[in-house]
Amino acid sequence: MIFKLKKHNSFLFVFIFFGFLHKFLEMGNYILSEVKTNKDIKQWLDFPAKLYKNDPHYVRPLDNEIENVFDKSRNKLFRHGDAIRFILKDKQGKVVGRIAAFFDEKTSNTYNKEENGQPTGGCGFFDCIDDQEAANMLFDAAKKWNIEHGQEAMDGPINFGDRDYFWGCLNDGFSDPVYNMPYNYPYYSKLFENYGFQTFFKQFTYRRVFSNDGLDPILHEKAKRFYGNPSYSFEILDKRNI
């Protein structure tokens, strides 16, 4: 088979609390609130799809996969940690950003035991319009919440769970993403860095592009038999017709 490799760079940022703090909830153009109701949850989940509606590369994650992260009966990290979600709206009530903050004692203590270490929480599921003021309000909320829970540093964007999905900020390779790998607008890294985040480590994801000419002729023959059989049909799934 013939393969092509295309590299996707994802940067994972870490922010250490030092110096001045941005003022919390004192920026006049936006209103920040905690996600509490079912309506809040739906708006929080739906926002990225609206933000990326004109981007052909964006693929919306399954809502239930995200909700499982914040389900205390499913996510074992809630046994020794906690999480919160925030949503940001403009004065007209339009959603312009979202974020989640979280910590678990095991991870926090691991960082704290390192040389010059600090108790470390996290933030993730960050999505925002290209506006530093809006991003700062979201980062402030996550930072303030982590401080209130005894954390002195914050990694992000990360996941409150496994590291094989919802992890990192894409910095290069803005094409069709690998399943559950990060995809975001190029301006995201600017929003993080302008706030004070610094690169913690770089992670790389790769994809393989298959060429039909490289497949075994037997596979082509089997495919022809299925396509020629009226008992089988192939179509794009439309949830409205399920």
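On a predicted model such as this, the values are computed, not experimentally measured, just so you know.

## Looking at the environment of K89
Residue position: K89 is located in strand β3 (residues 81-90). Once the C-alpha coordinates of K89 and N29 are considered, the two residues, 60 residues apart in sequence, prove to be 8.8 Å apart. In this view, K89 contacts N29, Y30, I31, Q43, K94, V95 and V96; residues no more than four positions away in its chain are not counted. Here the side chain of K89 touches Q43 through a polar contact of 3.0 Å, side chain to side chain.

## Focus: the environment of D55
Along the chain, the position of D55 falls in the loop between α1 (38-51) and α2 (63-69). Accessibility expressed as a relative area gives 13% for D55, which makes it buried. A C-alpha to C-alpha distance of 9.2 Å links D55 and Y185, two positions 130 residues apart in sequence. For D55, the residues in contact, after removing those within four places along its chain, are Y183 and Y185.

Conventions we followed
Residues numbered from 1 in each chain as written. Predicted model: local features only at pLDDT ≥ 70, side-chain atom pairs only at ≥ 80, totals over all residues. Heavy atoms only, no water. Helix = DSSP H or I, 4+ residues; strand = E, 2+ residues; numbered from the N terminus. Contact = heavy atoms within 4.5 Å. Polar contact = N/O pair within 3.5 Å; in protein donor to acceptor, adjacent residues only side chain to side chain. Buried < 20%, exposed > 50% of the residue type's maximum accessible area, 1.4 Å probe, protein only.

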